[in-house]
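What the coordinates show
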Amino acid sequence: MMTCRTVKVWQLQLTSLYIAQNLFLLSLSSQYLFHSDSAFMAGRRVVVFPSSAELGPVLAHLVTSRAEKALASHGRFTLGLSGGSLVSMLSKELLALPELDCSKWVIGFCDERLVSFDDPESTYGLYKNQLFSKVNIPDSGILTIDPSLPVSECAENYTRKLKEAFPDDDIPVFDMLLLGMGPDGHTCSLFPDHPLLEETKKIVAPISDSPKPPPQRVTMTLPVVNSACCVAFVSTGGSKAPILKEVLEGREGPAFPAARVVPTNGELFWLVDDPAAASLTIQVERPGSGAKL
Ligand SMILES: O=C(O)[C@H](O)[C@@H](O)[C@H](O)[C@H](O)COP(=O)(O)O
């Protein structure tokens, strides 16, 4: 079965097939171009729902459908999670599914705050309470940071964990990443105008001057984010409307961090609600109830 993971391996190992590969990618991008007239950017799907209530079930289905695809292809599903409002929405919607088998899921964190797991600011702690403790994800499948370490060592330690979890990849290729976007256009812990946006060597980086508290965090870098097979942003609420317009429709000046998420060989979804989409002028998809992406 053709997946973005196999395309990645080709890129790394089969340089002699360079021309064939490019022809393949060209045909793939043509499919995406004509997949939906909603596309402002080839391959990107901006999907608007009346509210979180309609968005949530579609998100849950998107996750489980990509999990099924990954399990059929390589026997496990690697999922990167973000914090914010995603924690409660994802937990609620996954738990509402009639059958959810997470026994072969491997969970990573797109970013994490350097606080102890019982601190209310800990993204892992929130997911543990709201999701992990209620489903059959094995503890060994949850790749957590070690918050007892100083921030640089913590990032190095998390880098090692990801490399061990993805031994065949130079850059870990997650099956799916779920991202949020702050009102300043940040995603993961990649903030506007921050030097970490230019990081190309590290797969995980420390940050000790996060403008959003807490200041110490570790974050996946853009090379990892853009290597994923599928990236889905979830962004809701009217406070996101001005930034969403600039991220999706462009702006003068440097692109916001969220706008720099463009998976090289993967899918890109923006799942938003009407208040967040209020200022958009691009064409978007508005699926009916019960839709599946
Ligand atoms: O660690 C963090 O500070 C959060 O994870 C943060 O990056 C969040 O993902 C965005 O701010 C979007 O959050 P909302 O979806 O709640 O607006």
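Residues numbered from 1 in each chain as written. Predicted model: local features only at pLDDT ≥ 70, side-chain atom pairs only at ≥ 80, totals over all residues. Heavy atoms only, no water.

A closer look at the site of the ligand
Taken together, 13 residues form the shell around the ligand, and within it Ser 85, Arg 113, His 186, Lys 212 and Lys 240 come nearest. At 2.7 Å from an oxygen atom of the ligand is found a side-chain nitrogen or oxygen belonging to His 186. At 3.0 Å from an oxygen atom of the ligand is found a side-chain nitrogen or oxygen belonging to Arg 217. Contact with the protein chains covers 89% of the free accessible surface of the ligand, which is 420 Å². (Near = heavy atom within 4 Å. Polar contact = N/O pair within 3.5 Å; in protein donor to acceptor, adjacent residues only side chain to side chain. Areas by Shrake-Rupley, 256 points an atom, 1.4 Å probe, with all protein chains shown as cover.)

Section: helix H6 (residues 151–165)
In a regular helix each residue adds 1.5 Å, so 15 residues correspond to 21 Å; H6 covers 21 Å between its end C-alpha atoms and thus fits that length. Considered for burial, the residues of H6 that qualify are Val 151, Cys 154, Ala 155, Asn 157, Tyr 158, Thr 159, Leu 162 and Ala 165. Those residues of H6 that are buried lie in contact with strand E3 (105–109), strand E6 (204–207) and strand E7 (217–220). (Helix = DSSP H or I, 4+ residues; strand = E, 2+ residues; numbered from the N terminus. Expected span 1.5 Å × (residues − 1). Buried < 20%, exposed > 50% of the residue type's maximum accessible area, 1.4 Å probe, protein only. Contact = heavy atoms within 4.5 Å.)

Considering the side chain of Arg 217
Along the chain, Arg 217 falls in strand E7. A residue is classified by how much of its surface remains accessible, and Arg 217, at 2% relative accessible area, is buried. There is a polar contact of 3.1 Å between the side chain of Arg 217 and the backbone oxygen of Pro 213. Once residues within four sequence positions are removed from consideration, Arg 217 is found in contact with Asp 111, Glu 112, Arg 113, Leu 114, Val 151, Ser 189, Phe 191, Ala 205, Pro 206, Ile 207, Ser 210 and Lys 212.

Description of the pattern of salt bridges
Opposite charge on two side chains lets them pair, provided their charged atoms get close. A complete count under the given rule lists 9 salt bridges for this structure. One salt bridge in this structure joins Glu 198 and Arg 260, with 3.1 Å as the shortest N-O distance. One end of the pair, Glu 198, is in the loop between strand E5 (176–179) and E6; the other, Arg 260, is in the loop between helix H8 (241–249) and strand E9 (267–273), with 62 residues separating them in the sequence. Residue Arg 260 is classed as partly exposed on the basis of its relative accessible area of 28%. (Salt bridge = Lys/Arg side-chain N within 4 Å of Asp/Glu carboxyl O.)

Structural notes on the pairing of E9
Most of E9 is tucked away, with 7 of its 7 residues classed as buried. Burial of E9 is two-sided: the residues Glu 267, Phe 269, Leu 271 and Asp 273 facing one way and the residues Leu 268, Trp 270 and Val 272 facing the other way are all buried. With 6 bridges joining them, strand E1 (residues 44–49) and E9 adopt parallel strand pairing. Paired with Arg 45 across the two strands is Phe 269, which belongs to E9. Bridge count for strand E8 (residues 230–235) against E9 is 6 bridges, and the pairing is parallel. Directly across from Phe 233, in E9, lies its bridge partner Trp 270. (Pairing = 2+ DSSP bridges.)

Topic: the pairing of E1
Most of E1 is tucked away: 6 of the 6 residues are buried. A two-sided burial pattern is seen for E1, the buried positions comprising Arg 44, Val 46 and Val 48 on one face and Arg 45, Val 47 and Phe 49 on the other.

Concerning the confidence of the model for the protein chain
Per-residue confidence for the protein chain averages 90 on the pLDDT scale, and 87% of its residues sit at or above 70. Here residues 14–20 is a poorly scored stretch, pLDDT under 50, and it has 2 contacts once near neighbours within four places are set aside; other chains count. Counting contacts from residues 22–40, a segment whose pLDDT is below 50, to residues more than four positions away or on other chains yields 18 contacts. (pLDDT = per-residue confidence, 0-100.)

What to know about the sheet that holds E5
Ordered in space as E1-E9-E8-E5-E2-E3, the 6 strands form an open sheet in which the pairing is parallel. Bordering the open sheet on either side are E1 and E3, each of which pairs with just one other strand. Here the average twist between neighbouring strands, direction ignored, is 20°. Note: E5 against E8, 3 bridges, orientation parallel. Its bridge partner lying in E8, Leu 177 is registered against Val 231. (Axes fitted to C-alpha atoms, helices over the stretch in contact; angles between N-to-C directions.)

Digging into the packing of helix H3 (residues 52–74) against helix H4 (residues 86–95)
At a closest axis distance of 9 Å, the pairing of H3 and H4 adopts a crossing angle of 70°. In terms of orientation, H3 and H4 fall into the roughly perpendicular class. For the pair H3 and H4, the sense of crossing is right-handed. Within the contact between the two elements, H3 uses Ser 52, Leu 55, Gly 56, Pro 57, Leu 59, Ala 60, Val 63 and Thr 64 and H4 uses Leu 86, Met 89, Leu 90, Glu 93 and Leu 94. Class assignment of the residues belonging to the contact of H3 with H4 gives a composition of 9 nonpolar, 3 polar and 1 charged. (Parallel < 35°, antiparallel > 145°, perpendicular 65-115°, else oblique. Left-handed = near helix turned anticlockwise from the far one by under 90°. Nonpolar A, V, L, I, M, F, W, Y, C, P; charged D, E, K, R; others polar.)

Quick word on the nonpolar core
Residues Leu 59, Val 63, Trp 105, Phe 132, Leu 178 and Trp 270 are the most contacted members of the largest nonpolar core, which totals 86 residues. Here this core gets 8 residues from one element, more than from any other, and that element is H3. Setting aside its immediate chain neighbours within four residues, Val 63 contacts Phe 77, Leu 79, Leu 90, Leu 94, Trp 105, Met 176 and Leu 178. (Core = buried A, V, L, I, M, F, W, Y, C linked by side-chain atoms within 4.5 Å.)

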